[in-house]
Amino acid sequence: MTVLDHPLIADRVTRLRDKDCSCEQFRLLLHNIAYLMVPQVTAQLDTIPTPVQTPLEDTEGRRLARPLIIVPVLRAGLSLAEGFLELIPEAIVAHIGLRRNHETLEPEVYYPNAPVDFSDSDTIVLDPMLATGGSAIETVRLLKEQGASRLRFACVIAAPEGGEAFRSAHPDVPVYTAALDRCLNEQGYICPGLGDAGDRSFGTI
Ligand code: PRP
Ligand code: URA
């Protein structure tokens, strides 16, 4: 797991954690964090040499080797998608909907539909929270079933338990997080964490 160590990201994650942060601010901060994460999350993408004719001469540049697909996990992942799209407007967006069952903490898929061709693409899964890891593991399993192979997972806060579970399930998928927290509590919430990211993003508390 790569923890993205940047003063601006640290500043915004700290403000995000604050229980008095408004819904409006929360969304804005997540957007901002996503934007700041893009360069590091995409740093290892393959490029291919590409000829280009400038107004002065022919030269060679580099273009991304494959189309990029971002997969926001509904609901909370939506708050990260716009930040990624600002820097990568050509990306395809494939949504997946899961919610954690509050008793079992198991993910329940309610929108598995990502009708795109993943086979020759780079795919970045977005979800602010990696807690038990169940939702991320299931999302990546579904995407692999649909042919995705070059995957990355980007989150804002990860618990060590979720990071470990994800690594065991999908050792081939790198994880990028803005913060690695202490532990999960008995209800499966990340501590110190920020509470329920979906509810705080959409004002549904
Ligand atoms: C949150 C979060 C992740 C999941 C993480 O979503 O956005 O998807 O919990 O928990 P896990 O690692 O233990 O699976 P939630 O199920 O609350 O749905 P929401 O985004 O609709 O609020
Ligand atoms: N999902 C959240 O939104 N927050 C947590 O702390 C754990 C799972």
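Remember, it's a predicted structure, so these values are computed and weren't measured experimentally.

Take the overall build of the chain next. In terms of helices and strands, the chain carries six helices and 13 strands. Radius of gyration (C-alpha) of the chain: 17 Å, near the 17 Å computed for a compact globule of 205 residues. Projected onto the principal axes, the alpha-carbon positions of the chain cover approximately 60 × 35 × 25 Å. Expressed as a percentage of its 205 residues, the buried residues of the chain come to 46%. Counting only contacts in the chain whose residues sit at least 6 apart along the sequence, the fraction spanning at least 24 positions is 64%. When the accessible surface of the chain is summed, it comes to about 10500 Å², and 52% of that surface belongs to carbon and sulfur atoms.

Every residue close to ligand 2 is listed here: Arg 100, Met 129, Ala 131, Gly 188, Tyr 189, Ile 190, Gly 195, Asp 196 and Ala 197. One nitrogen or oxygen atom from the main chain of Ile 190 is found 2.8 Å from an oxygen atom belonging to ligand 2. Between ligand 2 and Gly 195, the relevant distance is 2.7 Å, taken from a nitrogen atom to a main-chain nitrogen or oxygen of the residue. Out of a free accessible area of 240 Å², ligand 2 has 89% covered by protein chains. Along the lines of polarity and charge, the residues of the shell around ligand 2 split into five nonpolar, two polar and two charged.

Counting 38 residues, the largest nonpolar core has Phe 84 and Val 156 as the members making the most contacts within it. Among the secondary structure elements, those contributing two or more residues to this core are helix H1 (7-17), helix H2 (23-41), strand S4 (68-74), helix H3 (78-87), strand S8 (122-126), strand S10 (150-158) and strand S11 (175-180). Looking at this core element by element, the count peaks at eight residues for H2. When neighbours within four sequence positions are excluded, Phe 84 is seen to be in contact with Ala 34, Val 38, Val 41, Ile 70, Ile 124, Leu 126 and Ala 154.

Restricting attention to buried positions, one finds in H1 the residues Ile 9, Arg 12, Val 13 and Leu 16. End-on view of H1: buried residues confined to an arc of 100 degrees, all on one side of the axis. Along H1, exposed side chains directed more than 90 degrees from the buried face belong to Pro 7 and Thr 14. Against the buried residues of H1 lie H2, S10, S11 and helix H6 (197-202).

Attention now moves to unusual backbone geometry. For the bond running from Leu 74 to Arg 75, omega is 0 degrees, close enough to zero to count as cis. When you line up the elements, Arg 75 lands in the loop between S4 and H3. The omega angle of the peptide bond from Cys 191 to Pro 192 is 0 degrees, so this bond is cis rather than trans. Within the fold, Pro 192 resides in the loop between strand S13 (190-191) and H6. Positive phi, close to 65 degrees, is recorded for Leu 105, a residue that is not glycine.

Rules of the game
- Residues numbered from 1 in each chain as written.
- Chains lettered and ligands numbered in written order.
- Predicted model: local features only at pLDDT ≥ 70, side-chain atom pairs only at ≥ 80, totals over all residues.
- Heavy atoms only, no water.
- Helix = DSSP H or I, 4+ residues; strand = E, 2+ residues; numbered from the N terminus.
- Rg over C-alpha atoms; globule rule 2.2 N^0.38 Å.
- Buried < 20%, exposed > 50% of the residue type's maximum accessible area, 1.4 Å probe, protein only.
- Contact = heavy atoms within 4.5 Å.
- Areas by Shrake-Rupley, 256 points an atom, 1.4 Å probe, with all protein chains shown as cover.
- Near = heavy atom within 4 Å.
- Polar contact = N/O pair within 3.5 Å; in protein donor to acceptor, adjacent residues only side chain to side chain.
- Nonpolar A, V, L, I, M, F, W, Y, C, P; charged D, E, K, R; others polar.
- Core = buried A, V, L, I, M, F, W, Y, C linked by side-chain atoms within 4.5 Å.
- Arc of directions from axis to C-beta.

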